[in-house]
Amino acid sequence: MTADPRPARPVVLGQNQYGKAENRVVRITRDGATHHIKDLNVSVALSGDMDDVHYSGSNANVLPTDTTKNTVYAFAKEYGIESAEQFGIHLARHFVTSQAPIRTARIRIEEYGWERIATSDAGSRPAGADEGRHSFVRTGQETRLTQITYDGAAWEVVSGLKDLVVMNSTNSEFWGYVKDKYTTLQEAHDRILATQVAGRWRFNWSDDEQQMPPWEESYEQTRKHLLQAFAETYSLSLQQTLHQMGARIIDHRGEIDEVRFSLPNKHHFLVDLEPFGLKNDNEVYYAADRPYGLIEATVLREGCEARIPVDLTNL
């Protein structure tokens, strides 16, 4: 057999990272008889001088992923969890500064909310009952998110939320759209507008010399402005509502330069009740789960560059 005269094509290692994903950590802070909960799902990804382990299998520069898991739990004790962002910053700084081969750390965190269970009035409580200081119920409205990336010199913090379901039962229309031979949708001048918000926002804090944002306050206020914009916008399209939500955050939160939303349109269709001799006066709807319109866009502070990925499933 004649040898192939063409030169061998070189093979080069591209981007790579490794770490321990989805470390579930629950931190209880005991303030006397009153307890506070932080419930996180932490994923660590590290990159740097890792060519040898891929080419030859040498683990000389590899910090075991089991060690990264242990660090998450140890830091929950050593530093506590003031906020998801602050906890991620502690972890990213540690991995980059303590291990020479590691040049970049990316920490992704999901946070699950808990709220206190309200108890009955003091006069009606059973003997020995306390005031709900250590009893909680999971809040199911949304999952809080953050991603911290650190390369030893600069920080990037992108926070957000997912699975926040919202609805306006009126003050929404959809009409005047393009129609062709395949269009069957009827124009609507009073409709339900509902969506399941997935949003990310990028902070302009990037340097240790800058003052850090108040992470907990920032999340609460950003969420508030998001919801208020949704509720207060008389909507002629979900795109319009999305822009108002992003613009309100940018206008009110100086620490945020970029917002990206992915909003599925959770369609509600009027049910035809005429076969039963009934008039449906915008009262009875069929909630369709699929297919659904998907509206996505980025809203930026003027002069800023978009850095949040277009596909939020990759963030």
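Refer to the structure printed above.
Let us look at the structure shown here. (Residues numbered from 1 in each chain as written. Predicted model: local features only at pLDDT ≥ 70, side-chain atom pairs only at ≥ 80, totals over all residues. Heavy atoms only, no water.)

**Some thoughts on helix H4 (residues 215–232)**
Three or four residues apart is the spacing at which side chains of an α-helix point the same way, because the helix has 3.6 residues per turn. Between its first and last C-alpha atoms H4 spans 26 Å; for 18 residues at 1.5 Å apiece the expected length is 26 Å, and the two agree. For H4, every residue scored as buried is listed here: Trp215, Ser218, Tyr219, Thr222, Arg223, His225, Leu226, Ala229 and Phe230. Summarising the axial view, the buried residues of H4 lie within an arc of 160 degrees, below the 170-degree limit, and thus occupy one face. Counted as exposed and oriented over 90 degrees from the buried face of H4: Glu220 and Glu232. Of the surrounding secondary structure, the elements contacted by the buried residues of H4 are helix H3 (84–98), strand E4 (136–150), strand E5 (155–168), strand E6 (193–203), helix H5 (238–252) and strand E7 (256–265). (Helix = DSSP H or I, 4+ residues; strand = E, 2+ residues; numbered from the N terminus. Expected span 1.5 Å × (residues − 1). Buried < 20%, exposed > 50% of the residue type's maximum accessible area, 1.4 Å probe, protein only. Arc of directions from axis to C-beta. Contact = heavy atoms within 4.5 Å.)

**Observations concerning a nonpolar patch on the surface**
A cluster of nonpolar residues, Trp175, Tyr234 and Leu236, forms a patch on the protein surface that exposes about 320 Å² of accessible area. Counting through the fold element by element, tryptophan 175 comes out in the loop between E5 and E6. (Patch = residues over 30% accessible without salt bridge, like charges linked within 9 Å, V, L, I, M, F, W, Y side chains within 5 Å. Areas by Shrake-Rupley, 256 points an atom, 1.4 Å probe, with all protein chains shown as cover. Salt bridge = Lys/Arg side-chain N within 4 Å of Asp/Glu carboxyl O.)

**So, the side chain of arginine 253**
Inspection of the secondary structure assignment puts arginine 253 in the loop between H5 and E7. Side-chain polar atoms of arginine 253 contact the side chain of glutamate 255, separated by 2.9 Å. Look past the residues within four positions of arginine 253 in its chain and what remains in contact with it is Glu217, Ser218, Gln221, Thr222, His225 and Arg301. (Polar contact = N/O pair within 3.5 Å; in protein donor to acceptor, adjacent residues only side chain to side chain.)

**Section: the environment of threonine 67**
In this fold, threonine 67 is placed in helix H2 (residues 65–78). Look at threonine 67 and you get partly exposed, because its relative accessible area is 29%. Separated by 227 residues in the primary sequence, threonine 67 and leucine 294 have C-alpha atoms spaced 40 Å apart.

**Points about the packing of H2 against H3**
Between H2 and H3, the shortest axis-to-axis distance is 11 Å and the interhelical angle comes to 130 degrees. Of the possible angle classes, the one that applies to H2 and H3 is oblique. The handedness of the crossing between H2 and H3 comes out as right-handed. Contacts from Thr68, Thr71, Val72, Phe75 and Ala76 in H2 reach Phe87, His90, Leu91, His94 and Phe95 in H3. For the contact of H2 with H3, the class distribution of residues is 6 nonpolar, 4 polar and no charged. (Axes fitted to C-alpha atoms, helices over the stretch in contact; angles between N-to-C directions. Parallel < 35°, antiparallel > 145°, perpendicular 65-115°, else oblique. Left-handed = near helix turned anticlockwise from the far one by under 90°. Nonpolar A, V, L, I, M, F, W, Y, C, P; charged D, E, K, R; others polar.)

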